Amino acid sequence: MDRATAKRLPMVLLVHGGPWARDRWGEGAASRTMQQFLANRGYAVLQVNYRGSSGYGRAHMDKAIGEFAGRMHDDLVDGVRWAVDQGIADPQRVAIHGASYGGYSALVGATFTPEVFACAIDVVGVTDIARLLEAAPPYWELGLPWWHRFVGNPANPADRVRMDARSPLYRADRAQKPILIMHGVNDP
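About the thresholds
- Residues numbered from 1 in each chain as written.
- Predicted model: local features only at pLDDT ≥ 70, side-chain atom pairs only at ≥ 80, totals over all residues.
- Heavy atoms only, no water.
- Pairing = 2+ DSSP bridges.
- Helix = DSSP H or I, 4+ residues; strand = E, 2+ residues; numbered from the N terminus.
- Right-handed = clockwise from strand over helix to strand, strands pointing away.
- Salt bridge = Lys/Arg side-chain N within 4 Å of Asp/Glu carboxyl O.
- Buried < 20%, exposed > 50% of the residue type's maximum accessible area, 1.4 Å probe, protein only.

Novice: Explain the pairing of strand β4 (residues 119-123) here, please?
Specialist: Remember that side chains alternate between the two faces of the sheet whenever the strand is regular. In this sheet, β4 lies alongside strand β3 (residues 89-99) in parallel orientation, the contact comprising five bridges. Each bridged residue has a counterpart across the sheet, and for His-97 the counterpart in β4 is Ile-121. With helix α4 (residues 101-112) bridging β3 and its parallel neighbour β4, the resulting β-α-β unit is right-handed. As paired strands, β4 and strand β5 (residues 179-182) are joined by four bridges and run parallel to one another. If you follow Val-123 over to β5, its bridge partner there is Met-182.

If you want it as structure tokens, here you go:
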């Protein structure tokens, strides 16, 4: 099926993890089995390199500071709106799916913009940003300053308030559609 015949398809928004990573094609790129599986079954698949995605320069990365569940999520929703406006996606049949930060984004989609998504699939996504950083395993120690810069330090009361406001856990009552959550027994 080519774009000329693809009209109002069910669509899956696949959100990459990180968020300091990116989706790309080419040699050495991540496996494309999920995209191919979904496309083979008639789904449109959309991937967005939202602000904070790596590979676009420091200014693009810095636009993600303080923007978890904010403008980073707006970039994803803008992508969905584009696909709907182009006639590619059926607005009533859009799923959001991702792992790690992508899983967090799926939960944000289900709890911050439930009107946009028919369902959400979260694989090892963060539900409570502050708690994630408070309970970070020892091997995360070198990366914590990066997290504090982008989302805040839960030991700072003002940061904690902002982090809680951007955590899907505290908006669970706003979810309206099915959510599939997958975690391993020992996931931090």
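Novice: Before we go on, may I ask you to explain the pattern of salt bridges in this structure?
Specialist: Pairs can form between side chains of opposite charge whenever their charged atoms are close. For the structure shown, the criterion picks out nine salt bridges. In this structure, the salt-bridge partner of Asp-90 is Arg-8, at a minimum N-O distance of 3.5 Å. With a gap of 82 residues between them, Asp-90 in strand β3 and Arg-8 in the segment before β1 (9-15) connect regions that are remote in the sequence. Asp-90 gets classed as buried once you look at its relative accessible area, which sits at 10%. Measuring nitrogen to oxygen at the nearest pair gives 3.2 Å for the salt bridge that ties Arg-58 to Asp-62. With Arg-58 and Asp-62 both in helix α2 (residues 58-62) and four residues apart, the pair spans about one turn of that helix. Take Asp-62: its relative accessible area is 26%, and that puts it in the partly exposed class. Here the salt bridges do not stand alone but share partners, grouping Arg-8, Asp-90 and Arg-93 into one network.

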